[in-house]
Amino acid sequence: MIFLCYPKCTTCQRAQRWLEDNLIAYTLRDIKGEHPTYDELAAWHRRSGLPLKKFFNTSGLLYKSMGLKEKLPTMREEEMLQLLATDGMLVKRPMLVGDDFVLVGFKESAWAEQLSADVKN
């Protein structure tokens, strides 16, 4: 599994602590230093089953300074993926990417449910 996070983000720190407390192995990837590519984002979006707008860090300074709240509704999916791939700080975090799932944002109950199901399979 790949754990994408921004190390200074407190939610990411909580998620990482949760993974470690639950003895879940992962590969750490700093979303700012090694941002996701267009192809990765497109694949993760398909795998997640979520609307693409859920992949945006709507509380981030970059999102706000670019006025994306107003722009996203009129953008095509390809444009959104290209934009997300330009800067890791636009991407919602933390993100946990497994072989058959993608979790965006940290909700402990959702992570626990997915990872316990993943262990059983």
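Residues numbered from 1 in each chain as written. Predicted model: local features only at pLDDT ≥ 70, side-chain atom pairs only at ≥ 80, totals over all residues. Heavy atoms only, no water.

## Brief notes about the packing of helix 2 (residues 38-48) against helix 5 (residues 77-84)
Packed helices, taken two at a time, are described by the angle their axes make and the gap between the axes. Between helix 2 and helix 5, the least distance of the axes is 8 Å, while the angle of their chain directions is 125°. Viewed along their axes, helix 2 and helix 5 adopt a mutual orientation that is oblique. In this structure, helix 2 crosses over helix 5, and the sense of that crossing is right-handed. The residues of helix 5 that touch helix 2, namely those facing Y38, L41, A42 and H45, are E77, E78, L81, Q82 and L84. Considering only residue class, the contact of helix 2 with helix 5 consists of five nonpolar, two polar and two charged. (Axes fitted to C-alpha atoms, helices over the stretch in contact; angles between N-to-C directions. Helix = DSSP H or I, 4+ residues; strand = E, 2+ residues; numbered from the N terminus. Parallel < 35°, antiparallel > 145°, perpendicular 65-115°, else oblique. Left-handed = near helix turned anticlockwise from the far one by under 90°. Contact = heavy atoms within 4.5 Å. Nonpolar A, V, L, I, M, F, W, Y, C, P; charged D, E, K, R; others polar.)

## Remarks on unusual backbone geometry
Glycine aside, residues mostly have negative phi angles, and peptide bonds mostly take the trans form. Look at the link from R93 to P94: it is a cis peptide, with omega at -5°. You can see P94 is positioned in the loop between helix 5 and strand 3 (95-97). For L23, which is not a glycine, the phi torsion comes out positive at approximately 55°. Topologically, L23 is positioned in the loop between helix 1 (10-21) and strand 2 (27-30). Accessibility expressed as a relative area gives 77% for L23, which makes it exposed. (Buried < 20%, exposed > 50% of the residue type's maximum accessible area, 1.4 Å probe, protein only.)

## Looking at helix 2
Two residues of an α-helix separated by three or four positions point the same way, owing to the 3.6 residues in each turn. Restricting attention to buried positions, one finds in helix 2 the residues L41, A42, W44, H45 and S48. Packing partners of the buried residues in helix 2 comprise strand 1 (2-5), strand 2, helix 5, strand 3 and strand 4 (102-104). Downstream of helix 2 by a residue or two, G49 has a phi angle that is positive, lying close to 75°.

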